[in-house]
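# Coordinate inspection notes
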Amino acid sequence: MKKQILSLFFLVLWGKAEAQAVRCAADSKAVENAAIHELISRKVEEMRSEKLRKSALEEVIRIPVVVHVIHNNASGTRSGSNISDEQVFSQIEVLNEDYRRMPGTPGYNTNPVGADMQIEFFLANIDPDGHPTSGINRVYSSRRSFNILSETRAISDLSYWDSNKYLNIWVTTLTGSYLGYAEFPIGNYDGLESTDIDERVDGVFIDYRAFGRKTGTVEAPYSFGRTTTHEVGHWLGLIHTWGDTRCGTDYCDDTPPAESSNNTLVCSPLYSNCRGVTTRNMIENYMDYTVDSCMSIFTQDQKARVRAILEISKRRQNLLAGVDIFEPVNDQLVLKIMGNPVEGSGLDCKVLVSEARDYKIEVFDDLGRVLFSEEYTNSLSRVIHIPKSRVGSGMRHLRLSSKDTQIDRRIIFL
């Protein structure tokens, strides 16, 4: 039986100078969510085994990011919602400080359960068409603002890059004083079949006044870039520390139970009494609602949970599998086959180049007949999909060629 698992998202009201107002819209199907979270917890335990520890838990993961700046500045000047490049750069810097627990930065902590998540973010240098890019994509819209509760697809329709290859971050003006929103990754695991979210809204949405650190349009008290750190945490599979219910669970044993979210503008200790035990809330955790300046901690269990979800979510797996197309290569032309023999709908192969160039990829049968052919002009590295419907079943011959290089491979399509 297919189960629909609704997306988890985080919505925070703009606090201004008054006491911080907080509002969270969580899943309405708590039972089904509990089922998948329990299964994720079992996956975490599997990954704690010595066999998987080195490969799965200690690897540094790099994630390519595209920042879509959706603005209503018809002149195109860098003002208002058309934020500056420097503001974007500052946010990427914050993400790396926070997710790497970087010493000497606000993202560092000395908490004994504090974790270096070993996740790094970089602005993509190749666009979906294989051309060079800054990773910042500016799009004008006559709309002054968007309702995050109902118009994520409207935002995505203005600018979207394949979420199987990029972390999409949309920065725009959100109505209702909302700061941000993120989609939760869904996957199939251990008999629980779930329907994934629409890939075109699989990303992070941030109000332009809460994106970046102490520069440009960011407004206090959300001026340290932690809204994006929090939302990316959801995109990676983390939930709120209080479990979205009184004394609920976030399935991480090293985050203390909390009666509710912590909606404070100061970093004073707060306490909860859950199940008759009084404990200090971890107000420093990025997955709480405390003000930006209080946040500095991801925990070891949160790290393990993220690593498990990256193993479960097919879309996240696709993204990580293709990340090397953004890395420099020494050879002029490199071909990497992703699965041979080929099962499923077709073959994905990576073409890696040292600089932009023209190249062609072809598939032949044993008689030398061309079954598939695509040419790319002045293109950088890319992943190319060859549909089985075009080439059929059996032994096939794959050729990648450029002006001065030719690479041939034998491929079996089952």
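Since the model is a prediction, treat every value here as computed from it, not as a measurement. (Residues numbered from 1 in each chain as written. Predicted model: local features only at pLDDT ≥ 70, side-chain atom pairs only at ≥ 80, totals over all residues. Heavy atoms only, no water.)

### Focus on the packing of aromatic side chains
Rules: Stacked, tilted and edge-to-face are the three classes applied to pairs of Phe, Tyr and Trp rings, where Trp contributes its six-membered ring and a pair requires centres within 6.5 Å; stacked means planes under 30 degrees apart, edge-to-face means over 60, and tilted covers the rest. Numbering goes from the N terminus for both helices and strands, where a helix is a DSSP run of H or I of at least four residues and a strand is a run of E of at least two. Here's how the labels work: a residue is buried when its accessible area is under 20% of the maximum for its type, exposed when over 50%, partly exposed in between, all with a 1.4 Å probe on protein chains only.
Enumeration over the complete set of coordinates arrives at 10 aromatic pairs. Both rings, one in Tyr99 and one in Phe298, keep their centres 4.7 Å apart while their planes meet at 40°; by these two values the pair is tilted. Separated by 199 residues along the polypeptide, Tyr99 in helix 3 (residues 85–99) and Phe298 in the loop between strand 8 (277–280) and helix 6 (300–312) bring together distant segments of the chain. For Tyr99, a relative accessible area of 0% gives the class buried.

### Quick notes on the pairing of strand 7 (residues 271–274)
Defined as follows: We call two strands paired when DSSP finds no fewer than two bridges between them.
On strand 7, burial follows the alternation: Ser272 and Cys274 on one face are buried, whereas Tyr271 and Asn273 on the facing-out side are not. Note that strand 7 and strand 8 share four bridges and pair antiparallel. Paired with Cys274 across the strands is Val277, a residue of strand 8. The loop that links strand 7 with its antiparallel partner strand 8 comprises two residues; one of these, Arg275, has a positive phi angle of about 55°.

### Looking at a nonpolar patch on the surface
Spelled out, the test is: Note that patches include only residues with greater than 30% relative accessible area and no salt bridge, and the join distances are 9 Å for like charges and 5 Å for nonpolar side chains (Val, Leu, Ile, Met, Phe, Trp, Tyr). Each accessible area value is a Shrake-Rupley result obtained with a 1.4 Å probe; residue values ignore everything except the protein chains displayed when judging cover. In what follows, salt bridge is the name for a side-chain nitrogen of Lys or Arg lying within 4 Å of a carboxyl oxygen of Asp or Glu.
A contiguous nonpolar surface patch, about 230 Å² in accessible area, is contributed by Met395, Ile412 and Leu414. With respect to the element layout, Leu414 can be found in the segment after strand 15 (406–413).

### Here we look at the state of the cysteines
The criterion, for reference: We call a pair of cysteine sulfur atoms a disulfide when they lie within 2.5 Å.
Applying the stated rule across the entire model yields two disulfides. One disulfide in the model links Cys247 with Cys274; its S-S distance is 2.1 Å. Taking the sign of the S-S torsion, -80° for the link of Cys247 and Cys274, the bridge is left-handed. Taken together, the positions of Cys247 in the loop between helix 5 (226–235) and strand 7 and Cys274 in strand 7 put the pair 27 residues apart, joining distant regions of the chain. Between the sulfur of Cys267 and that of Cys294 lies a disulfide, 2.1 Å long from S to S. Handedness of the Cys267-Cys294 disulfide follows from its S-S torsion of about -105°: it is left-handed. With a gap of 27 residues between them, Cys267 in the loop between helix 5 and strand 7 and Cys294 in the loop between strand 8 and helix 6 connect regions that are remote in the sequence.

### Brief notes about helix 5
Of all 10 residues in helix 5, 10 are buried, a share of seventy percent or more. Inspection of helix 5 places Arg226, Thr227, Thr228, Thr229, His230, Glu231, Val232, Gly233, His234 and Trp235 among the buried residues, and these make up the whole buried set. Directly after helix 5, the chain includes Gly237, whose backbone phi takes a positive value near 110°.

### Concerning the packing of helix 3 against helix 5
What counts here: Fitting a line to C-alpha atoms yields each axis, with helices limited to the stretch in contact; the angle taken between N-to-C directions then spans 0 to 180 degrees. What sets the label is the angle itself: under 35 degrees gives roughly parallel, over 145 gives roughly antiparallel, 65 to 115 gives roughly perpendicular, and the rest give oblique. Each helix crossing is assigned a hand: it is left-handed if the near helix lies turned anticlockwise from the far helix by less than a right angle, otherwise right-handed if that turn is clockwise. Two residues qualify as a contact provided that any one of their heavy atoms is within 4.5 Å of a heavy atom in the partner residue.
With their axes 9 Å apart at the nearest point, helix 3 and helix 5 run at an angle of 60° to one another. Between helix 3 and helix 5, the angle falls in the class oblique. Considering how the two elements wind past one another, helix 3 and helix 5 form a crossing that is right-handed. Of helix 5, the residues touching helix 3 (which contributes Gln91, Val94, Leu95, Asp98 and Tyr99) are Arg226, Thr228, Thr229, Val232 and Gly233.

### Considering the sheet that holds strand 9 (residues 333–338)
Read across the sheet, three strands follow the order 9-10-13 without closing on themselves; strand pairing throughout is antiparallel. Each of the sheet's edge strands pairs with one partner strand only, and the pair in question is strand 9 and strand 13 (382–387). Across the sheet, the axes of successive neighbouring strands diverge by a mean angle of 25°, strand direction being ignored. Pairing of strand 10 (residues 346–353) with strand 13 involves six bridges; the strand directions are antiparallel. Paired with Gly346 across the two strands is Pro387, which belongs to strand 13.

### Some points on the side chain of Thr241
Within the secondary structure, Thr241 is located in the loop between helix 5 and strand 7. Other than its neighbours up to four places away in sequence, Thr241 contacts Gly248, Asp250, Pro256, Asn285, Met287, Asp288 and Gln302.

### Side note on the environment of Ser393
By the secondary structure assignment, Ser393 is in the loop between helix 8 (388–391) and strand 14 (394–401). We classify Ser393 as partly exposed; its relative accessible area is 43%. Ignoring anything within four residues of it in the chain, the contact list for Ser393 reads Lys388, Phe413 and Leu414.

### Quick look at the sheet that holds strand 14
Taken together, the four strands give an open sheet; going across it, the order is 12-11-14-15, and neighbouring strands pair in antiparallel fashion. Only two strands of the sheet have a single partner each, and these edge strands are strand 12 (370–379) and strand 15. When the angles between neighbouring strand axes are averaged without regard to direction, this sheet yields 15°. Pairing of strand 14 with strand 15, which is carried by eight bridges, proceeds in the antiparallel orientation. Within strand 15, the position partnered with Gly394 by the bridge is Phe413.

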